[in-house]
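Residue-level listing of the chains:
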Amino acid sequence: MSAGADIAISRLESQNSDLLMELETRKLVERGKGILQRELGLSEHEAFLALQRQSQQKKATDERDCSSHHLGG
């Protein structure tokens, strides 16, 4: 097999891995929305927004924790 073919296969494997990760993420979001809709009586849109807010808050907390860790805190 040529180097070009190896590179193309590697690129396709990487894209496949990315797509599988995206699919798993979408499945988890759908599952989370379903739980929020069922348990809290939210609409699909409200459940999505709740998940989105929670994700943003977690990201901000993680970034803050990471920053304080790097600063020796």
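Refer to the structure presented above.
Residues numbered from 1 in each chain as written. Predicted model: local features only at pLDDT ≥ 70, side-chain atom pairs only at ≥ 80, totals over all residues. Heavy atoms only, no water.

*Asks:* Hey, could you run me through the side chain of Lys33 in this one?
*Replies:* Here Lys33 shows up in helix α1 (residues 3–40). By relative accessible area, Lys33 is classed as buried at 6%. Here the side chain of Lys33 touches Glu44 through a polar contact of 2.9 Å, side chain to side chain. Among residues more than four places away in sequence, those in contact with Lys33 are Glu44, Ala47, Phe48 and Leu51. (Helix = DSSP H or I, 4+ residues; strand = E, 2+ residues; numbered from the N terminus. Buried < 20%, exposed > 50% of the residue type's maximum accessible area, 1.4 Å probe, protein only. Polar contact = N/O pair within 3.5 Å; in protein donor to acceptor, adjacent residues only side chain to side chain. Contact = heavy atoms within 4.5 Å.)

*Asks:* Help me understand the pattern of salt bridges, please; the structure alone is not making it clear to me.
*Replies:* A pair can form between side chains of opposite charge whenever their charged atoms are brought close. Here the structure, examined in full by the defined rule, presents 6 salt bridges. In this structure, Lys33 and Glu30 form a salt bridge, with 3.0 Å as the shortest nitrogen-oxygen distance. Taken together, the positions of Lys33 and Glu30, both in helix α1 and 3 residues apart, correspond to about one turn of that helix. Across the pair Lys33 and Glu44 runs a salt bridge, and its minimum N-O distance is 2.9 Å. In this pair, Lys33 is assigned in helix α1 and Glu44 in helix α2 (residues 44–70), connecting sequence segments 11 residues apart. One salt-bridge network, in which partners are shared between bridges, spans Glu30, Lys33 and Glu44. (Salt bridge = Lys/Arg side-chain N within 4 Å of Asp/Glu carboxyl O.)

*Asks:* Whenever I open this one, α1 confuses me. Can you help?
*Replies:* Owing to its 3.6 residues per turn, the α-helix brings residues three or four apart onto one side. Over its 38 residues, α1 extends 55 Å from the first C-alpha to the last, a length consistent with the 56 Å expected when each residue adds 1.5 Å. Two residues or fewer after α1 comes Gly41, characterised by a positive phi angle close to 70 degrees. (Expected span 1.5 Å × (residues − 1).)

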